[in-house]
Amino acid sequence: MANLTAWDRLTIVRNKNRPTIKDYIPLIFDDYYEMHGDRYYGDDKAITGGIATINGIAVTIIAQVKGRSIEENKESNFSMPHPEGYRKALRLAKQAEKFHRPIICFIDTPGAFCGIGAEERGQGEAIAKNLMEFFDIKVPIISIVLGEGGSGGALALGVCDELAMLENAVYSVISPRGFASILWKDASREMEAANISKITAEDLLQFGVCEVIIKEPSGGAHNNHQMMAENISEYILSALQRLSEKTLENLLDSRYNKFRKIGVFQE
């Protein structure tokens, strides 16, 4: 699948049969107990979070929720979180820190919701606060891009010690449609924008933004949910082992430096 374009991969991750976090949680984790609400405004169904175990290890899960049907997507606002979703994520991260649980974040969003209500409730501040606070969370953080990783809406769950991407996943500063709309004033050039934006897992690995590419079955993750879950589980366990060997000081320094080097280049 190495010869696929970014647009090809974006088409694959938008396949309605592609597994979502609702498929992966029961296949990868045991005893998932979901928690709700941000303790400020409400519960955002675009982000699910709670406690689970993997191979006997207690972890906190924070994940963006995509649906398959129009009804499921409407319930989760098409995986576009509101500020209360990001505040819920931060609340759960702080709780994980208190009880010394590693955090596993799953990213799958075209971007944060940009509606009037979200802006009135502080969308930008909620994302910015997550970026700031996650850098100092004193437990290991692993983030995995399942499909689309769009803009600050994805980065709010992307400050981590290791970032992994599924083979066909994409991760971008803005969605290709947004890119085309802003740069060319023509959203119909979305495919062209995708193919020049360097947003694939291979691109991000080359740039040092992600550390690991998780292999997908031929044709995409939707062709074998069980295999995909096993591949993700294997990665999580290996990452937890690597990160557990770091001292707290080294963990936080490495996390900070991981993001400081993004965008650095030499002519």
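Residues numbered from 1 in each chain as written. Predicted model: local features only at pLDDT ≥ 70, side-chain atom pairs only at ≥ 80, totals over all residues. Heavy atoms only, no water.

Participant: Explain the overall build of the chain here, please?
Facilitator: Along the backbone of the chain there are twelve helices and eight strands. The C-alpha radius of gyration of the chain comes to 17 Å, within 12% of the 18 Å expected for a compact globule of 267 residues. Referenced to the eigenvectors of the C-alpha coordinate spread, the extents of the chain come out at roughly 50 × 45 × 40 Å. Buried positions account for 53% of the 267 residues belonging to the chain. When the accessible area of the chain is evaluated, it comes to approximately 12600 Å², of which 54% is carbon and sulfur surface. Positive and negative side-chain charges in the chain, numbering 30 and 36 respectively, have mean positions lying 2 Å apart. (Helix = DSSP H or I, 4+ residues; strand = E, 2+ residues; numbered from the N terminus. Rg over C-alpha atoms; globule rule 2.2 N^0.38 Å. Buried < 20%, exposed > 50% of the residue type's maximum accessible area, 1.4 Å probe, protein only. Areas by Shrake-Rupley, 256 points an atom, 1.4 Å probe, with all protein chains shown as cover. Lys, Arg positive; Asp, Glu negative; His and termini not counted. Charge placed at Lys NZ, Arg CZ, Asp CG, Glu CD.)

Participant: Mind showing me how you'd approach the nonpolar core here?
Facilitator: The nonpolar side chains of soluble globular proteins are, as a tendency, buried together. Ranked by internal contacts, the top residues of the largest apolar core, which has 63 residues, are Tyr24, Phe29, Ile62, Phe106, Ile144, Ile232 and Ile236. In terms of residue count, helix H11 (residues 225-244) provides more of this core than any other element does, eight residues in total. If sequence neighbours within four positions are ignored, Phe106 has contacts with Ile21, Phe29, Ile61, Ile62, Ala63, Gln64, Ile144, Leu146, Leu157, Ile232 and Ile236. Counting residues in hydrophobic clusters, the runner-up holds seven residues, among them Trp7, Val13, Ala194 and Ile199. (Core = buried A, V, L, I, M, F, W, Y, C linked by side-chain atoms within 4.5 Å. Contact = heavy atoms within 4.5 Å.)

Participant: Is there a simple way to explain the pairing of strand E4 (residues 103-109) in this structure?
Facilitator: Taken residue by residue, a regular strand's side chains alternate between the two faces of the sheet. Among the seven residues of E4, seven are classified as buried, and the element is accordingly described as predominantly covered. Burial of E4 is two-sided: the residues Ile103, Cys105, Ile107 and Thr109 facing one way and the residues Ile104, Phe106 and Asp108 facing the other way are all buried. With four bridges connecting them, strand E3 (residues 57-64) and E4 associate as parallel partners. For Thr60, the partnering residue across the bridge sits in E4 and is Ile103. (Pairing = 2+ DSSP bridges.)

Participant: Help me understand unusual backbone geometry, please; the structure alone is not making it clear to me.
Facilitator: Among all residues except glycine, the phi angle is most often negative; among peptide bonds, the trans geometry is most common. Positive phi, normally seen in glycine, also occurs at Ser79, with a value near 60°. Following the sequence through the fold, Ser79 ends up in the loop between helix H3 (70-75) and helix H4 (83-98). Positive phi outside glycine occurs at His100, with the angle close to 60°. By secondary structure assignment, the location of His100 is in the loop between H4 and E4. We classify His100 as exposed; its relative accessible area is 66%.

Participant: Got a minute to help me understand the packing of aromatic side chains in this structure?
Facilitator: Here a ring pair, both rings aromatic, is described through the centre-centre distance and the interplanar angle of the planes. Taken as a whole and judged by the stated rule, the model has three aromatic pairs. Ring geometry for Phe29 against Phe106: centres 6.1 Å apart, planes inclined by 85°, an arrangement best described as edge-to-face. Separated by 77 residues along the polypeptide, Phe29 in the loop between helix H2 (21-28) and strand E1 (30-35) and Phe106 in strand E4 bring together distant segments of the chain. Here Phe29 matches Phe106 in class, with each residue buried. Pairing Phe179 with Trp184 gives two aromatic rings, centres 5.3 Å apart and planes at 45°, and the pair type is tilted. (Phe/Tyr/Trp six-rings, centres within 6.5 Å; stacked < 30°, edge-to-face > 60°.)

Participant: I keep staring at the packing of H2 against H11 and nothing clicks. Help me out?
Facilitator: For any two helices packed against each other, the geometry is given by the interaxial angle and the distance between the axes. Taken N-terminus to C-terminus, the directions of H2 and H11 make an angle of 65°; their axes are 9 Å apart at the nearest point. Put simply, H2 runs roughly perpendicular to H11. Crossing geometry of H2 relative to H11 is assigned as right-handed. Only His225, Gln226, Met228, Ala229, Ile232, Ser233 and Ile236 of H11 make contact with H2, whose side of the interface consists of Asp23, Tyr24, Leu27 and Ile28. (Axes fitted to C-alpha atoms, helices over the stretch in contact; angles between N-to-C directions. Parallel < 35°, antiparallel > 145°, perpendicular 65-115°, else oblique. Left-handed = near helix turned anticlockwise from the far one by under 90°.)

Participant: Sorry, what's going on with the pairing of strand E5 (residues 141-150) here?
Facilitator: Counting buried positions along E5 gives ten out of ten residues, so the element sits mostly inside the fold. By the bridge criterion, six bridges tie E4 to E5 in an arrangement that is parallel. Within E5, the residue paired with Phe106 across the bridge is Ile144. As paired strands, E5 and strand E6 (residues 162-166) are joined by four bridges and run parallel to one another.

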